[in-house]
Amino acid sequence: MNLRTSWRLWVPVAIISGLLILLCILAWLLFTRVESSIRPDPVSIANASLTNLQEQNRLTVFSASYNATVTTTLTKLGLTARKTLIMPGTVRYELDLAKLDAERVRWDARDNTLYVEMPAIETARPEVHVEQIQTYDDGGILIALTDAENVLDQANRKKGVDELVKQAQNPVQIRMAREAARRAVRHNFAIPLQAAGVEAKIDAFFPYERSRYKERWDYSRPIQKVLAEQQRKKEEAP
C-alpha cells in the first residue's frame, strides 16, 4: 500500500473521529447545562422561604400565662381606701418578620450552611383574662361615698398590665421563647430544602449572638447577591 492509498484511508477515519469527539463534547456540555438547570438551587429555595415568612408579618413562637397581684391606696378627705386586684393574663412572644430582610439571610457554599440572623424577640401587649379578674377592697366609707372605687380600679388595671409585661421579661421565659423561635425559623427554611432533596444546615441566631458567627458571617454572602450573580451568569452565557 503506497502513501497515497494510505492517506485516502486515514482521512475519512480522522474526519469521522473528529466529528465523534465534537459530538461527545457537545453532548457533555448540553448534559451539564440541563443538569444545572434542573438541579435544586438551595439559594433560590431559601429566598422563596424568606418571602413566605415575610408574608406572615408576625410569627408567634411562644406564649405564657401570668398572674399580677397589685394594690392601690387612695387618701382623700382624711379617709383612706385600699383595693387589691388579681389579674391573670397571657403574653405572646413574637418575631417581627418584616425585619427579617434578605441581608440577614446568608449562604455559605463551603459547608452548605444557611445563616439566618433573626430579629430580637418582642412581647405583644398582654391579653387580660377579664372574666377571671378578682378584686378585694376594705369596704371603707371613702369607697361608699365617693368615686374612689373607680379611681382605684383604673390605677390597678394599669398596674396589673404593667406587672404582666414585667413578668413576661423573666429570663427563663425569654430563653424558652428564643429557643422556640430558633426551631420555628429553622423548620420554615429546612422543610422546603428537604422536600427538594437538598442537604443543607440551617443555623439561626439572634443579634446578640453575632460575635460568635463573625468569621462565618463575613465569609458567607447575602442570598440576594448570590441570586444576582447567578442571573448575571445566565445572561452572559452563550
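Scope of this entry: the structure provided in the associated data block. Here the structure is a predicted model, which is why all the values come from computation and not from measurement.

Take the packing of aromatic side chains next. Counted under the stated rule, the structure contains 2 aromatic pairs. Seen in terms of ring centroids, Phe62 and Tyr93 are 5.5 Å apart; in terms of plane orientation they differ by 55°. Their pairing is tilted. Residue Phe62 is found in strand β1 (residues 58-76), and its partner Tyr93 is found in strand β2 (residues 79-96); the two are separated by 31 residues along the sequence. Comparing Phe62 with Tyr93 shows no difference in burial state: the two are buried. Their ring planes at 15° and their centres at 6.3 Å tell us that Phe206 and Tyr208 sit as a pair that is stacked.

To continue, consider the pairing of strand β8 (residues 201-205). Every regular strand shows the same layout, with side chains that alternate between the two sheet faces. Burial analysis of β8 places 4 of its 5 residues in the buried class, which makes it a mostly covered element. The pairing of strand β4 (residues 113-117) with β8 spans 5 bridges and is parallel. Note that in β8 the partner of Tyr115 across the bridge is Asp203.

Moving on: helix α5 (residues 171-195). Taking 1.5 Å of rise per residue, the 25 residues of α5 would be expected to cover 36 Å, and the 36 Å separating its terminal C-alpha atoms lies within 8% of that figure. All of the buried residues along α5 are Gln173, Ile174, Ala177, Ala180, Ala181, Arg182, Val185, Phe189, Ala190 and Leu193. Following α5 by one or two positions, Gly197 adopts a phi angle in the positive range, close to 80°.

Parameters and conventions
- Residues numbered from 1 in each chain as written.
- Predicted model: local features only at pLDDT ≥ 70, side-chain atom pairs only at ≥ 80, totals over all residues.
- Heavy atoms only, no water.
- Phe/Tyr/Trp six-rings, centres within 6.5 Å; stacked < 30°, edge-to-face > 60°.
- Helix = DSSP H or I, 4+ residues; strand = E, 2+ residues; numbered from the N terminus.
- Buried < 20%, exposed > 50% of the residue type's maximum accessible area, 1.4 Å probe, protein only.
- Pairing = 2+ DSSP bridges.
- Expected span 1.5 Å × (residues − 1).

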